[in-house]
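A look at the structure
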Amino acid sequence: MDTLSLRLFLRIAELGSVSAAASDLLLSPASASARLVKLEETVGFRLFNRTTRAVSLTTDGEAFLPYAQQMIETLETGLSAVKRSEERRVGKECRSRW
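Residues numbered from 1 in each chain as written. Predicted model: local features only at pLDDT ≥ 70, side-chain atom pairs only at ≥ 80, totals over all residues. Heavy atoms only, no water.

This part is about the packing of helix α1 (residues 3-15) against helix α3 (residues 29-43). Two elements in contact, α1 and α3, have axes separated by 10 Å at closest approach and are oriented at 105°. Between α1 and α3, the angle falls in the class roughly perpendicular. Residues L4, S5, L8, F9 and I12 of α1 pack against A32, R35, L36 and L39 of α3. (Axes fitted to C-alpha atoms, helices over the stretch in contact; angles between N-to-C directions. Helix = DSSP H or I, 4+ residues; strand = E, 2+ residues; numbered from the N terminus. Parallel < 35°, antiparallel > 145°, perpendicular 65-115°, else oblique. Contact = heavy atoms within 4.5 Å.)

Shown next, in the form of structure tokens:
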């Protein structure tokens, strides 16, 4: 399960549109649809009910939504912590050279 597909899921849920979410994430609608299908295959259930005019979360999609949000938030927190640690390390190296 990749983070772009999770972000796509979250944006579709927020915007109510695969094409709008695809545009927001700089994906083609076809690529977004393929990613969504792959994500549904990975999790083992449908995330959205789709019609030609709209998408809506399935019951399973609604249940999965907070976990997907938490996964992305946890990833961003971890990356931010490592980046801050790296900046402190590099800062110390620069100060020690002077």
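Now that the structure is up, let's keep going.
Another aspect to go through is the side chain of E40. Secondary-structure assignment places E40 in helix α3. Using a relative accessible area of 8% as the deciding quantity, one classes E40 as buried. Looking at E40, its side chain comes within polar contact range of the main-chain nitrogen of F48, at 3.5 Å. At 2.7 Å, the side chain of E40 and the side chain of R50 are in polar contact. Apart from the residues within four sequence positions on either side, E40 is in contact with F45, R46, L47, F48 and R50. (Buried < 20%, exposed > 50% of the residue type's maximum accessible area, 1.4 Å probe, protein only. Polar contact = N/O pair within 3.5 Å; in protein donor to acceptor, adjacent residues only side chain to side chain.)

Nothing here speaks to function; it is all geometry.
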